[in-house]
Amino acid sequence: MTVSIDDYQNIIIVTPLWWSQMAAIMQTFLFQNRTKLAGKTVAMIVSSHSSGISGVVADAQRLLPNVTWAGDALWINASNHSNRNSLIENWLPTQNFHSSTTGISHVESDVKKSKVYTLQGTLALVGQKGIVIKDGKKVAIK
């Protein structure tokens, strides 16, 4: 299955912080795909041990001058890492994503009640975690 940036209006960038800046490999990816990302709505999640994320946010804004930022970046660090699922669940509704997308409809802890399919179209295994299709909608299974 091939995934194309062109197929999506809303993009979430997830990147680690390295030495107060965005990881070099992510900077390269964004630089190489800046024209494909132009006009998209972009949100960002940054992980670090303890350093603040302002350098990463500045890197992203410099590399992607022609995107619409959905809202503030989410910072996942050592002190809140164990709560990352709830942090993401609470952060998603604060983002101003382009409204033509169906997006993730909700988050569930248990998928044993119905048939659930992965985004590749295969039946999900019991207990499988990630983003799946349930009743025609994208659902995050934690």
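Quick caveat, the model's predicted, so the values are computed rather than measured.

A separate point is the overall build of the protein. Along the backbone of the protein there are four helices and nine strands. When the helices and strands of the protein are listed from N to C terminus, the series reads β-β-α-α-β-α-β-β-α-β-β-β-β. Looking at the protein as a whole, 32% of its 142 residues are labelled buried. Restricting to contacts in the protein with at least 6 residues of sequence separation, those with at least 24 account for 65%. Summed over its atoms, the accessible surface of the protein is roughly 9100 Å², and 54% of this surface lies on carbon and sulfur atoms.

Attention now moves to the pairing of strand 3 (residues 41–47). Across the seven residues of strand 3, six count as buried, placing the element largely inside the fold. Of the pairings in the sheet, the one linking strand 1 (residues 10–18) to strand 3 comprises seven bridges and is parallel in character. Note on strand 3: the bridge partner recorded for Ile13 is Met44. Inspection of the sheet shows strand 3 paired to strand 4 (residues 68–69) by two bridges, in the parallel sense. Opposite Val42, over in strand 4, you have Trp69 as the bridge partner. Once you follow strand 3 into helix 3 (residues 54–63) and on to strand 4, the crossover reads as right-handed.

Mean pLDDT for the protein: 79, with 72% of residues reaching 70 or above. For the protein, strand 6 (residues 104–108) is the element with the lowest average pLDDT, namely 57, and helix 2 (residues 34–37) is the one with the highest, namely 95.

It is worth spelling out the nonpolar core at this point. Residues Ile13, Met22, Leu30, Leu37, Met44 and Leu64 are the most contacted members of the largest nonpolar core, which totals 17 residues. Listed by contribution, the elements that provide at least two residues to this core are strand 1, helix 1 (24–32), strand 3 and helix 3. If we ignore the near neighbours within four places in the chain, the residues touching Ile13 are Met26, Leu30, Val42, Ala43, Met44, Ile45 and Leu64.

Along helix 3, the residues that are buried comprise Val56, Asp59, Ala60 and Leu63. Looking straight down helix 3, one finds its buried side chains confined to an arc of 95°; they lie on one side. For helix 3, the exposed residues set more than 90 degrees away from the buried face come down to Ser54 and Arg62.

This next bit is on the pattern of salt bridges. With the rule as written, the count across this model stands at one salt bridge. A salt bridge links Arg62 to Asp59; its shortest N-O distance comes to 3.3 Å. With Arg62 and Asp59 both in helix 3 and three residues apart, the pair spans about one turn of that helix. Residue class for Asp59 comes out buried when judged on its relative accessible area of 6%.

The rules we used
- Residues numbered from 1 in each chain as written.
- Predicted model: local features only at pLDDT ≥ 70, side-chain atom pairs only at ≥ 80, totals over all residues.
- Heavy atoms only, no water.
- Helix = DSSP H or I, 4+ residues; strand = E, 2+ residues; numbered from the N terminus.
- Buried < 20%, exposed > 50% of the residue type's maximum accessible area, 1.4 Å probe, protein only.
- Contact = heavy atoms within 4.5 Å.
- Areas by Shrake-Rupley, 256 points an atom, 1.4 Å probe, with all protein chains shown as cover.
- Pairing = 2+ DSSP bridges.
- Right-handed = clockwise from strand over helix to strand, strands pointing away.
- pLDDT = per-residue confidence, 0-100.
- Core = buried A, V, L, I, M, F, W, Y, C linked by side-chain atoms within 4.5 Å.
- Arc of directions from axis to C-beta.
- Salt bridge = Lys/Arg side-chain N within 4 Å of Asp/Glu carboxyl O.

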